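Survey of secondary and tertiary structure
So you can see what is in the structure, the chains are spelled out below.
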Amino acid sequence: MIKALLLIFDPITTWDGIFRARRSMVSIVLTYLLPLLLLVSVVEGYGLVHWGKWQSDFSRLKKFPAREAVVIETGQLLLSVLVVFVGAKMIKSIGETFHGRHTYPQAFTAVAYGLSPLFLFHLLDVFPKMYPWVGWSIGIILSIAALYYGVPRMMEPDPPNAFGLFFMSSLLLLLVSGLVRIVMAEYLRGTFPKLQVIVTDLAARLPF
């Protein structure tokens, strides 16, 4: 969480530190990405249980059972991890179109840290009256600002290709994270009744 804040307020120094550390993907996932996502999931889950979410165009406030909130937040956590892994793959592929020889760990590091402001601002979703696109909009803007420094630092493209790689990477991450946001926001609004039945059934099977 502290690293995510540093990427917002002091991105150049923070990216330099990340570059010098050269941590493995496993280390990044276990000691940075998952703890951040777990923290956000716990806070959001607390909000779902105790304050709920407005459904059907703000006509009904629904408080979710604890077990259902666990299933929802687990699903969102897995989707967030998927965004990072898929985003890294796409950025590596984009880099190859610019004749770069980037590795997947380089792309993964850039995405895992670069999207952390977006994940951090999911905390705004804890408030039941918060429009779901507010936290995403603030978070993705700050993530793109972080990636402006992070993509060139971690991917080390040729200088003429640096901005193009950053721009295309940011655009794809915006689209992928936006798609996930649509799915989660619409589910919490009650738009997917069949999916709600599946989630309710899964929640009923939890051993607590």
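Use the structure listed above.
A few points on the structure. Along every chain, residues carry numbers that run from 1 in the direction the sequence is written. This being a predicted model, a pLDDT of at least 70 is required before a residue's local features are given, and a value of 80 or more before pairs of side-chain atoms are given or counted; all residues contribute to the totals for chains, interfaces and linings. The side-chain values count all of the structure's non-hydrogen atoms but skip hydrogen atoms and water molecules.

1. With respect to the nonpolar core
To keep it simple, the criterion reads: The definition of a nonpolar core used throughout is a set of buried Ala, Val, Leu, Ile, Met, Phe, Trp, Tyr and Cys residues joined through side-chain atoms within 4.5 Å. Relative accessible area decides the class of each residue, using a 1.4 Å probe on protein chains only: under 20% of the type maximum gives buried, over 50% gives exposed, and in between gives partly exposed. Helical segments are the DSSP runs of H or I of at least four residues, strand segments are the runs of E of at least two, and each set is numbered from the N terminus. In what follows, a contact means two residues having at least one pair of non-hydrogen atoms within 4.5 Å.
Counting residues in each nonpolar core, the largest one holds 50 residues, and the members touching the most others are Ile72, Val84 and Leu115. Broken down by element, this core gets its largest block of residues, ten residues, from helix α4 (residues 66–97). When neighbours within four sequence positions are excluded, valine 84 is seen to be in contact with Leu33, Phe108, Val111, Ala112, Leu115 and Phe119.

2. Examining the environment of glycine 17
For glycine 17, the location among the structural elements is in helix α2 (residues 11–21). Along the sequence, glycine 17 and phenylalanine 64 sit 47 residues apart, while their C-alpha atoms lie 41 Å from each other.

3. Quick look at the pattern of salt bridges
Rules: By convention in these notes, a salt bridge is any Lys or Arg side-chain nitrogen within 4 Å of a carboxyl oxygen on Asp or Glu.
Counting across every chain of the model gives six salt bridges. Of the charged contacts, one joins glutamate 68 and lysine 62 as a salt bridge, the two residues approaching to 3.5 Å between their closest N and O atoms. Given a relative accessible area of 6%, glutamate 68 falls into the buried group. Under the relative-accessibility criterion, lysine 62 is labelled buried at 18%. A salt bridge links arginine 181 to aspartate 125; the shortest N-O distance between them is 2.9 Å. Highlighted residues: arginine 181 in helix α8 (residues 159–188) and aspartate 125 in the loop between α6 (116–120) and α7 (132–155), separated in sequence by 56 residues.

4. Description of empty space enclosed by the protein
The cut-off we apply is this: Lining residues are defined by having an atom within 4 Å of a point belonging to a cavity or pocket. Those points lie on a 1 Å grid over the protein atoms alone, cavities being sets where a 1.4 Å probe fits but cannot get out and pockets being open sets with protein on both sides within 12 Å along at least five of seven lines. Grid points are joined across faces, edges and corners, and a volume is the space filled by probe spheres set on the points. Amino acids outside the nonpolar list (Ala, Val, Leu, Ile, Met, Phe, Trp, Tyr, Cys, Pro) and the charged list (Asp, Glu, Lys, Arg) are all regarded as polar, and Gly is one of them.
One pass over the full model with this rule turns up two cavities of 30 Å³ or more. Quantified by volume, the largest cavity comes out at close to 100 Å³. In terms of lining residues, the largest cavity is bounded by Gln76, Ser80, Val83, Leu115, Leu118, Phe119, His122, Trp136, Ser177, Val180, Arg181 and Met184. Secondary structure elements with two or more residues in the lining of the largest cavity: α4, α6 and α8. In terms of residue count, α8 provides more of the lining of the largest cavity than any other element does, four residues in total. Broken down by class, the residue content of the lining of the largest cavity amounts to seven nonpolar, four polar and one charged. Quantified by volume, the second largest cavity comes out at close to 50 Å³. For the second largest cavity, the full set of lining residues is Leu37, Val40, Ser41, Glu44, Gln76, Leu77, Ser80, Phe119 and His122.

What is shown is where atoms sit, not what they do.
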